Amino acid sequence: MCDFVWPMPDENALKAYYDSESYFQGNDKGSYTNYDLETEGVLQLFRDLLSTIPNAAGKKILDIGCAFGRI
């Protein structure tokens, strides 16, 4: 599945949307119901993944994606 937004919102509109508290607390369409609760289960997956990488102690993961990746 592929989805996109047209026309693309400008930088100010994106900042206003993603920096708002409502994006993380479920008040906006497409937002999280509860960010901490919904992402908590993924943390162990990342920990398990890091444990398979040699010399990963103290390293971090950079996630470049689409938020939680759900519709």
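Small disclaimer: the values here were computed from a predicted structure and weren't measured.

Conventions used here
- Residues numbered from 1 in each chain as written.
- Predicted model: local features only at pLDDT ≥ 70, side-chain atom pairs only at ≥ 80, totals over all residues.
- Heavy atoms only, no water.
- Helix = DSSP H or I, 4+ residues; strand = E, 2+ residues; numbered from the N terminus.
- Buried < 20%, exposed > 50% of the residue type's maximum accessible area, 1.4 Å probe, protein only.
- Contact = heavy atoms within 4.5 Å.
- Areas by Shrake-Rupley, 256 points an atom, 1.4 Å probe, with all protein chains shown as cover.
- Polar contact = N/O pair within 3.5 Å; in protein donor to acceptor, adjacent residues only side chain to side chain.
- pLDDT = per-residue confidence, 0-100.
- Salt bridge = Lys/Arg side-chain N within 4 Å of Asp/Glu carboxyl O.
- Patch = residues over 30% accessible without salt bridge, like charges linked within 9 Å, V, L, I, M, F, W, Y side chains within 5 Å.

Remarks on the overall build of the protein
Then, number 1: Of regular secondary structure, the protein possesses 3 helices and 0 strands.
Then, number 2: When the elements of the protein are put in sequence order from the N terminus, they spell out α-α-α.
Then, number 3: Considering the protein as a whole, with its 71 residues, one finds that 11% of them fall into the buried category.
Then, number 4: The contacts of the protein with a sequence gap of at least 6 include a subset with a gap of at least 24, amounting to 29%.
Then, number 5: For the protein, the exposed area adds up to about 6,600 Å²; of that, 58% sits on carbon and sulfur atoms.

Side note on helix α1 (residues 11–18)
Then, number 1: Burial runs low along α1: only 0 of the 8 residues are buried.
Then, number 2: The distance from a side-chain oxygen at the start of α1 to the backbone nitrogen of N12 is 3.2 Å, and the residue carrying that oxygen is D10.

Looking at the confidence of the model for the protein
A low pLDDT score tells you not to read the predicted coordinates there in detail.
Then, number 1: Across the protein, pLDDT averages 76, with 75% of residues at or above 70.
Then, number 2: Per-element confidence in the protein is highest for α1, whose mean pLDDT is 85, and lowest for helix α2 (residues 21–25), whose mean pLDDT is 71.

Concerning the pattern of salt bridges
Then, number 1: For the structure shown, the criterion picks out 1 salt bridge.
Then, number 2: For K15, the salt bridge goes to D19, with nearest N and O atoms at 2.5 Å. Here the two residues K15 and D19 agree in accessibility, since each one is exposed.

Section: the environment of Y35
Then, number 1: In this structure, Y35 sits in helix α3 (residues 35–51).
Then, number 2: Using a relative accessible area of 31% as the deciding quantity, one classes Y35 as partly exposed.
Then, number 3: Separated by 12 residues in the primary sequence, Y35 and Y23 place their C-alpha atoms 8.6 Å from one another.

Notes on a nonpolar patch on the surface
Then, number 1: Taken together, the side chains of L49, I53 and I61 present a nonpolar region at the surface, about 250 Å² in accessible area.
Then, number 2: Along the chain, I61 falls in the segment after α3.
Then, number 3: A relative accessible area of 39% places I61 in the partly exposed class.

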